[in-house]
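Topology and contacts: notes
Chain by chain, the residues run as shown.
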Amino acid sequence: MSAGQSRRVLPGFPLALGYTLVYLALIVLIPLGAVFLKSATLSWEQFWTVISAPRVLASYRVSFGVSLLAAAINAVFGLIFAWVLVRYSFPGKRIVDALVDLPFALPTAVAGIALTAIYAGNGWLGQWLEPLGLKVAFTPLGILVALTFIGLPFVVRTVQPVLEDLDTELEEAAASLGADRWQTFQRVLLPVLLPALLTGFALAFARAVGEYGSVIFIAGNVPMVSEITPLLIITKLEQYDYVGATAIAVVMLVVSFVLLFLINGLQLWANRSRART
Amino acid sequence: MGAAVATPWTARARRFEENVATREPAWVKGVLITIALAFFGLFLLLPLMTVFAEAFRKGWQVYFAALVEPDALSAIALTLLVAAIAVPLNLVFGVAAAWAIAKFDFRGKQLLTTLIDLPFSVSPVIAGLMFVLLFGMQGWFGPWLMAHDVKIIFAVPGLVLATIFVTFPFVARELIPLMEAQGREEEEAAIVLGASGWQTFWRVTLPNVKWGLLYGVILCNARAMGEFGAVSVVSGHIRGRTNTLPLQVEILYNEYNFAAAFAVASLLALLALLTLVIKSLVEWRGRQPLNAGEESQGVPA
């Protein structure tokens, strides 16, 4: 229904939309614009020099590489988690289900110091892992642990509702045609779950790339080794290198916007393929 | 809650477990549950328990001393103040945006919805940076603000702005799909029967979306009180003046005062647990409308 002005029955449209646009502009659009404007004070060569300096490149490798790995871990375990929550009954399930959202609710700094306490050399797990030669805290592995923690709910909460809505008829048909459970999962269920799984993966990845609070405590923050890009922005700010900080921020923003675009597309695909089943 | 909730909950899983076509051999089920619970224990339960174990490691007295210390108290007050400003502002915005988007048709609606989600995909550090570029000493408005003796960066207004930005989408993204799913007929009937716009909103729309609204507000509040990266950039870490609770945790931790750091952190962990409890209750109370809302969106960051 694309009714014209005259057919609008409900009041308040100009006020509601006007307020929305002004608030959006003041809080989001103008501040974001400021970042791009500030970076425009650099010439292209200067901009390129800043964003391709060896230390900055190393931080991209850490941030994007570890985020990708964490999102992949979350995709696998998040799928198992969602499956178990939907398909099986076991004691304590309600509590487990409620606590899946802990990474959303727990402040990142709290998660950061807790994970560090667990994996440090004298920590609960660290004291057992370090004699085995496995140093977690203050290495890229620690970043992986933090980003896996942060990303878990994204995959579970995007896959879970799709699994819940799934008709049993699909699987019954597969079983009656002689497929075993693994075949049914691979050929029938996985294709249906794939859009949601990819959406969750992309959401977890996008969040991990920008994550700061939970990472800096456990990362050790060694330049070239375990320094994430958001930390580099802060380091530059603390040295009053506003332009340098802004240039790196622009790179991250562009990546974020591309990811947002991708996620929107994935969600459209997910909704459409759900409508079909 | 108890049995009344447990029945449909377990019944849903049983539907799969009792059907030959949708159940796995017992050993597969056992292995999958074990993997999920091990992952749960390692990544969710252990960090949560660590916070409390470390907080009480040196006993109750040290714990309470850390909480009533003046810097901690001022951090608590500041955290409450920032949330008390940021959450209502985003609440009003969320309602206005949802009213415009869900109850009317206009061009660019999809774009507007995407723009509202934008803050979720921006790194908190960049959120802080934006406001430094605008209001910092070397920022666009810096000189003007200096001349008029207004402090935004390294002061409370900066903390509020950064917090509003990172919590911007929470209420709106909860309400928009919910109000869209509920359609416009009820409101239109109220208006045709002679109700005013405000009456329609308060008596028809609001009762329909109250659980979704509460849900959005809780998540918004949890993030507002717990935000670290964005406020860290704009705060300047002035003890007793611009330190919120998460920043206080960082300062204490970096001073190797672990017991106090975890004591303050345990307050935030309690807040997180409370948020999850209310969230579960809300989901239970408003299951139908909330599910309708959650289907069409992702998960709040």
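Residues numbered from 1 in each chain as written. Chains lettered and ligands numbered in written order. Predicted model: local features only at pLDDT ≥ 70, side-chain atom pairs only at ≥ 80, totals over all residues. Heavy atoms only, no water.

Details of the overall build of chain B
Where we set the bar: By the criteria applied, helices consist of DSSP H or I runs no shorter than four residues and strands consist of E runs no shorter than two, each listed in order from the N terminus. In this scheme, a residue with accessible area under 20% of its type's maximum is buried, one over 50% is exposed, and one in between is partly exposed, where area comes from a 1.4 Å probe on protein chains only. Working rule for contacts: check all heavy atoms of both residues, and any pair within 4.5 Å makes them a contact. For accessible areas, the Shrake-Rupley method is used with a probe of radius 1.4 Å. Any residue's cover is judged against the shown protein chains and nothing else.
Regarding its fold elements, chain B presents 15 helices and 0 strands. Its C-alpha atoms give chain B principal-axis dimensions of roughly 65 × 60 × 30 Å. Every one of the 301 residues in chain B was classed for burial, and the buried ones make up 56%. Look at the contacts in chain B between residues 6 or more apart in sequence, and 72% of them connect residues 24 or more apart. As presented, chain B carries roughly 12800 Å² of accessible surface, and 67% of it is formed by carbon and sulfur atoms.

Description of the side chain of Ser226(A)
Residue and element names in this part refer to chain A. Using the following cut-off: Polar contacts, as used here, are pairs of N or O atoms within 3.5 Å; protein pairs need one atom able to donate a hydrogen and one able to accept it. Residues neighboring in sequence count only if both atoms are side-chain atoms.
Among the secondary structure elements, Ser-226 is positioned in the loop between helix H11 (213-219) and helix H12 (229-238). Of the residues examined, Ser-226 reaches a relative accessible area of 0% and is grouped as buried. Among the polar contacts listed, one links the side chain of Ser-226 to the backbone oxygen of Ala-219, at a separation of 2.8 Å. Ignoring any residue separated from it by four or fewer positions in sequence, one finds Ser-226 in contact with Val-62, Thr-139, Pro-140, Ile-143, Ala-219, Gly-220 and Asn-221.

So, the interface of chain A and chain B
Threshold: As used here, buried area is the combined drop in accessible area, with a 1.4 Å probe, of two parts when they are placed together. Just to be clear on terms, a salt bridge is a Lys or Arg side-chain nitrogen sitting within 4 Å of an Asp or Glu carboxyl oxygen. Charged means Asp, Glu, Lys or Arg here, nonpolar means Ala, Val, Leu, Ile, Met, Phe, Trp, Tyr, Cys or Pro, and polar covers whatever is left, Gly included.
The interface is formed by 102 residues belonging to chain A together with 103 residues belonging to chain B. Surface buried jointly by chain A and chain B totals about 9500 Å² across both partners, of which 77% is contributed by carbon and sulfur atoms. If you sort the residues of chain A by the area they bury against chain B, Leu10(A), Arg94(A) and Trp124(A) come out on top, with a joint share of 8%. Applying the counting rule to chain A against chain B returns 2 salt bridges. With a shortest N-O distance of 2.5 Å, Arg181(A) and Glu24(B) are connected by a salt bridge. Where chain A packs against chain B, one counts 13 residue pairs in polar contact (both at pLDDT 80 or more). Element by element, the count of residues in the side of chain A that touches chain B is highest for helix H1 (residues 13-39) of chain A, at 17 residues. Of the residues assigned to the side of chain A that touches chain B, the class counts are 71 nonpolar, 16 polar and 15 charged.

What about the environment of Gly18(A)?
As for its position among the elements, Gly18(A) is in helix H1. Between the C-alpha atoms of Gly18(A) and Gly33(A), which are 15 residues apart in sequence, the distance is 20 Å.

Comments concerning the packing of H1(A) against helix H8 (residues 156-167) of chain B
A packed helix pair is summarised by two numbers, namely the angle formed by the two axes and the spacing between the axes. For the record, the criterion: Lines fitted to C-alpha atoms define the axes, with helix axes restricted to the stretch in contact, and inter-axis angles between N-to-C directions lie between 0 and 180 degrees. Any angle from 65 to 115 degrees is called roughly perpendicular, while one under 35 is roughly parallel, one over 145 is roughly antiparallel, and all others are oblique.
Viewed as axis vectors pointing N to C, H1(A) and H8(B) meet at an angle of 110 degrees, and their least axial separation amounts to 10 Å. Here H8(B) runs roughly perpendicular to H1(A), going by the angle between their axes. Side by side, H1(A) and H8(B) meet where Tyr23(A), Ile27(A) and Val28(A) of the first sit next to Leu161(B), Ile164(B) and Phe165(B) of the second. Residue classes in the contact of H1(A) with H8(B) are distributed as 6 nonpolar, no polar and no charged.

Points about the pattern of salt bridges
Side chains carrying opposite charge are able to pair once their charged atoms draw close together. Summed over the entire model, instances satisfying the criterion amount to 18 salt bridges over all chains. Across the pair Arg223(B) and Glu227(B) runs a salt bridge whose closest N-O atoms are separated by 2.8 Å. The burial state of Arg223(B) is the same as that of Glu227(B); both residues are buried. Salt bridges here are not isolated pairs; linked through shared partners, they connect Asp97(A), Asp101(A), Arg157(A), Lys279(B) and Glu283(B).

Re the packing of helix H6 (residues 124-135) of chain B against H8(B)
All names here are of chain B. How we decide: For a crossing to be left-handed, the near helix must be turned anticlockwise from the far one by less than a right angle; the clockwise case is right-handed.
As a packed pair, H6 and H8 sit with axes 9 Å apart at the nearest point and diverge in direction by 140 degrees. As far as their axial angle goes, H8 and H6 are oblique. For the crossing formed where H6 meets H8, the hand is right-handed. Facing Ala-127, Met-130, Phe-131 and Phe-135 of H6, the residues of H8 in contact are Leu-161, Ala-162, Phe-165 and Val-166.

Overview of the confidence of the model for chain A
Convention followed: The quantity known as pLDDT measures the predictor's confidence residue by residue, on a range of 0 to 100.
Predicted confidence across chain A gives a mean pLDDT of 91, with 97% of residues reaching 70 or more. Scored below 50 in pLDDT, residues 1-6 of chain A shows 3 contacts in the model against residues more than four places distant or in partner chains.

Examining helix H8 (residues 140-165) of chain A
Residue and element names in this part refer to chain A. Note the cut-off: To estimate the expected span of a helix, subtract one from its residue number and multiply by 1.5 Å. In this scheme, the bend at a residue equals the angle between the axes fitted to the seven residues that finish there and the seven that begin there.
Compared with the 38 Å implied by 1.5 Å per residue over 26 residues, the 38 Å span of H8 between its first and last C-alpha is a close match. Along H8, the largest kink reaches about 35 degrees and is centred on Gly-151; proline Pro-153 follows within four residues of it. Counting buried positions along H8 yields 22 of 26 residues, so the element is predominantly enclosed.

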